[in-house]
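# Remarks on the overall topology
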Amino acid sequence: MARYNANNLPQSPTSSLLLPASYFFSSPIRFHSRNSLTLVLFLLFFAAFPLHARDVAIIVQDIELALPLEGAVIRSWDGSQYVCDREGKALVSVPDGRQTMIQAAYPGYDNGRLLVAAEGDTFTLGLRLSGIMEGRELVIEAARPGSSETRTGRSVAVSGREIAQTAEIGIVEDVVSSIKLLPGVGYAGFFDALPSIRGGDPNDLSAALDGYYITNPYHWGGGFSIFDPRMVQSAQLSHGVFSSRYGHTISGLLEVTSKKPSPTETEFELGVNTSAANFNLSFPLAGKGGILAMGRITYYDPFIALAKQMAKAIPLLEAVESIRVAPYIRSTAITGSYRFSDSIELNATGFWGMDGIGVTFDNGTETTTEMTSRSSMIFDWTNYQGFINAVLSWNPRSNMLLKLSSGIGYEDAVVDADIQFNIIDKRFSATPENEWYYSLLSDYADPARLHDPYSFSTGTFAKESDVMFNVQARIDYDWELGSGLLAAAGLQEMFNQYRAKGSQKTRGEKWLGSFGLAEQYGILADMGIDVGAIAPIDLAILQRSLLVSVPVQYDPDAGNRLLSTSGYALAEYRTPDNRLNAELGLRLDHYTLLGRGFTLQSQPALNPRLNVDYNVLKNYRMLESLDIGAGTGLFTSMNNNIFIAEKEYGIDLLKPNRSWTSILGAKLEFAEGVNFNIEGYYKYVFDRMYVPIYFTLDDIDVRPQFNGEGRVWGIDLMLQKVQSRLWDGWISYSYSWAKYRDPDSGDADMGISGGLRGDGWYFPSYHRFHNLNLVLNIRPAPHINIYTRFGLASGTQLMRRIGDGPLSYPVYVYDEGSADNHFIEMYRWPSVRDENNRTTPSLPMDVKFSIFGQSQTGKARYEVYFAIENVLALVYAPQGNTTYNPYTGEVDSGSESAAYGIPIPIPSFGFKISY
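Reference entry: report on the structure contained in this document.

So, on to the overall build of the protein. When helices and strands are counted, the protein shows eight helices and 46 strands. Within the protein, the fraction of its 915 residues that count as buried is 54%. Relative to all contacts within the protein whose residues are 6 or more apart in sequence, the contacts with residues 24 or more apart total 71%. Split by element, the accessible area of the protein, about 38200 Å² in all, is 58% carbon and sulfur.

Turning our eyes to something else, we now look at the pairing of strand S25 (residues 557-574). Inspection of the sheet shows strand S23 (residues 485-511) paired to S25 by 17 bridges, in the antiparallel sense. The partner of Tyr498 across the bridge, within S25, is Asn560. Pairing geometry for S25 and strand S26 (residues 580-595), over 14 bridges, is antiparallel. For Ala571, the partnering residue across the bridge sits in S26 and is Leu584. In textbook terms, the turn of a hairpin is the stretch between consecutive antiparallel strands, and for S25 and S26 this stretch comprises five residues, one of which, Asn578, has a positive phi near 65 degrees.

At a minimum axis distance of 11 Å, the contact between helix H6 (residues 435-444) and helix H8 (residues 536-545) shows a crossing angle of 120 degrees. Considering the angle they form, H6 stands oblique to H8. Here H6 runs over H8; the crossing is left-handed. Judged by residue contacts, Trp436, Tyr437, Leu440, Leu441 and Tyr444 of H6 engage Asp538, Ile541, Leu542 and Ser545 from H8. Taken together, the residues of the contact of H6 with H8 sort by class into seven nonpolar, one polar and one charged.

Attention shifts here to H8. Within the sequence span of H8, burial applies to Asp538, Leu539, Ile541, Leu542 and Ser545. In an axial view of H8, the angular spread of the buried residues amounts to 160 degrees, which keeps them on one side of the axis. In this structure, H8 carries Pro536 and Ile537 as exposed residues pointing more than 90 degrees from its buried face. On its buried side, H8 packs onto H6, S23, helix H7 (517-526) and strand S24 (547-554).

The antiparallel open sheet is built from four strands, whose spatial order is S3-S2-S5-S6. Bordering the open sheet on either side are strand S3 (81-83) and strand S6 (112-116), each of which pairs with just one other strand. Averaged over neighbouring strand pairs, the angle between their axes works out to 25 degrees when direction is ignored. Pairing between strand S5 (residues 100-105) and S6: five bridges, direction antiparallel. Among the inter-strand pairings, Thr100 is bridged to a residue of S6, identified as Val116.

Reading guide: rules and limits
Residues numbered from 1 in each chain as written. Predicted model: local features only at pLDDT ≥ 70, side-chain atom pairs only at ≥ 80, totals over all residues. Heavy atoms only, no water. Helix = DSSP H or I, 4+ residues; strand = E, 2+ residues; numbered from the N terminus. Buried < 20%, exposed > 50% of the residue type's maximum accessible area, 1.4 Å probe, protein only. Contact = heavy atoms within 4.5 Å. Areas by Shrake-Rupley, 256 points an atom, 1.4 Å probe, with all protein chains shown as cover. Pairing = 2+ DSSP bridges. Axes fitted to C-alpha atoms, helices over the stretch in contact; angles between N-to-C directions. Parallel < 35°, antiparallel > 145°, perpendicular 65-115°, else oblique. Left-handed = near helix turned anticlockwise from the far one by under 90°. Nonpolar A, V, L, I, M, F, W, Y, C, P; charged D, E, K, R; others polar. Arc of directions from axis to C-beta.

Put into C-alpha cells, the structure is as follows:
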C-alpha cells in the first residue's frame, strides 16, 4: 500500500473485511509424566528380547514367465513395506530363528503370500496374472501402488509407509504433514495446511483424490486437510513441469490415492489416538473387486472439559474457557472396485465430511487508569462437504486404454460471528507524543472535542453461507504404438456453481486525502472546520495525516457459474533400454463465467510442455545410476476469487492465472539405497488475478485486476536413504526467491491475492528464503521405530518499526448522517517496509516412538505409538514485532509469535490394529 511515511505521522492499519474462517482455539493434552515414562520403559524392556534379526532377499516374479516384477510391494510381518528394484528384488528384515509370513502385491496380479523359513537368505515369490491389467501395463499410465513416482523435474512422492510415519502424529493426523517435509514446500506453521509451493501463492495449490479435483480440501478453514493418513495409499506432489494430462494449477498439484479394497479377503483396521478414532473395513466382491469403508471422528469434548479445569491453575489455558462447542471433524470415505471382465474395470470413490466449532467469550468490564473496556465474541463455524467420483477403465485392445471419469460434489461453509470491543469513558493523553498535531487540529476544530472523555464501540459482524456445487467429467485415451512410442489425448469439463449470501460489517481507517474532494469537505465540516478558512499547507497536512474511521459493510450476493473446458494431446517416447524418455504435449484451457446480468469468456490458453529424461550411466563403481532431466512449459489456473464477481465490479475481460516454468535437474542413485536429487527452476507468473478493495463512506469499491506478475527462482536438494533394516529417512533443502507486483492496486485499503503494494516488486507475506527438513527413522529392533523430524525455516517479511514506541493520534469516527461523530485516540507505531527485516527462524521438531507386532499367522498386526510435537516450544519460539494495545499504547512485554502454533510441546499417542 503506497502510504505517506514519516516518524511523526501515523500509518493506516490493515483492515480485515472478511472474518478469518480458521479462527478457533485448541488445547493440548497433559499426561502424568511418571506413568508415561513407566509405560515406555515397560514396552522397551519386553521389546528388547527379540533383537536378533536378519535381512533376506525376496525376489518377486511372474510365476509363468519368471520375469522380475519391478515395483512390486512386499509387506513384512511388522507392517513395513518394501519396493522391489529392477531385478524384482528387495531386502526384507525378518526375525531370526522363526518362520515369518510376508505378502506381495503388483498391479494386474493376484496378491501372493510366502512363508519365509527360519534359515536361508534368498527366497522367490511368484505372482499370477489376474487377467485384467495385462493390456494396461503396456501403457503404464497409472502409478504402481506403493512405488515412488518421484521423477526429476516433475514430481516427488511419499509412500503409504512414509505417510504413516510422518503424518500419523499429533492432535489431527493429516497427510499434508508429510507433504510439508518435501523439497520445494515452504514452512507454513502448525495450524496451516496451505503451504507455499516453490514460491507460489498457497491458494495456487490444487488437490485431487483418485483423479477428482477438490475445490476445498480442508477442515477448519484451511487448518488441516481432509486427507486422513489412514485412508491414503500414497501421495504425489507435482511441482515441476509435469504431464499435459494435468492442469488447473500454476504452482503445484497434490494427487492423493486412496487405499484400495482386497478382492479376495475381508480386512479390518481400527485406529485410536489422542483425539480421534478411525476405522477401515474392506469386503471382497466374489474375487472381482471389493468395497472399502473408512471413517474418522474426533472427540475433543472430554479434553476441553479437562483443559477448562486445568485453566484455573494454568493462566496459559484461559482461552479454553470460551469454547462452547468443542472443535470437531466427522468424515467418511468409501472406495470400491469391480472387474466386469478381463478388459473392463470400475473404480469409485466417495467422501463426506463436516467440521465446526462454537465460541462464546465475554471478559466483563475491565477498568484501568486509562479507560474502562469490555470485549465479547460469539463465533460459530460449520463446514459441510462431499463428493463421489467413478472411473471406468476399458482395454479395447491389449495396447489401448480408455478411461471415462465423472464426479459430483457439494460444499457449504456457514459462519455466524459477532465480535465487539467497547471503550467507556476514555480520556485523551494529557501530553501526547505529537502535541503539535493536536494543536493544529485545535486551531480549526472545537478543542473540547480533543479533550472530553468519550465512549466508542468497534467490532466485526459476519453472517454468511457460501455454497459450491461441482460436476466433473473426463475422458482419456492412451495408445501404445510400438517401438517405445505412446500417444494420448483427453478432454475434461468442469462445472462449478457458487452461491454466497449474507452480510459482513466492520470498521476501517483510511486517510482523509484518500476520499473524494466532496467527501473530504463533508468530513471536515462535520468536524466543525471551515474549509475556506484553513491554510492550504495545513489542509495538506490533514489530508495526508488525519485518519478517519468509517463503517465498512459487505453484503455478498453472488450467484456465479464457471465452466472450465480442457483438452490435451501428447506423445511419449522411450528407448528400448529406457535410457531416454521424452514427452511432448499441448494442453488447452478455456473458461466461461456466467453471472447475474453478465457473461465473461477467456481466450483459449495454449500450454505446450516438453520433458526429457536421460540416463547418463549405470553401475559405475558405487554409482548405480545417474539421470538428468529438463523440462519447460506453460500452466493455467483460474483464481477462486472469481466466484465472488458481481456485475457492479465492471469486469470486462476474464483471464486465468498463467505461468511459464523451466526446470533442470539430476538424480544420482548409489549403493545401499542412497539417492540424491537436485533441481533448479525458474518461473514467470503473468496475468495473475488480484483484487484491490477501496472503502467509501457508504459502500466498498471492488476492482478485480488480471495483470499481476511474479518472478520466482530457486533450487531444491534431497538426500534420501530408502528403507533399510536399521535406519532410513531424508534431508531436504530449498532456496526460493519470489517477488510479485500488482500494477493497478494503487492506494487500496484492502487486497485479496495481493492487491496492496502498487507497481513495485515485493516479497509476499508467506515467502521464506530457506527451508530445511531432516526426517530420520531409527530401528533399534525389528519391531521398534523411532521417528524424528527437525526443521529450520528462515523468517517471513516483517515491517521495520521507527522510534521507541507507538505514538498517539486522533482518529475521527465518522458515520455519514450521524450526530454522534467524534474524535478518539489511537496509537500507531510508525513502520516502513524493509526487505531485509524478517522474523526469526522457525525450528519445528517432532519425535515419535512406535512399536509394531503381529500374530503368529501374520493376519493380525498392531502398532502403538507415543509422540511429541513442537518439542522445542518451551525453549524457543520464532519472534516478530512486539505487540501493543492500539487504544492505550501499552507495549506488551513479549513479541508476537512469527507463526501460529500452540506455545507448548504437544503430546499424542495412539494404537492401530488390523486384521
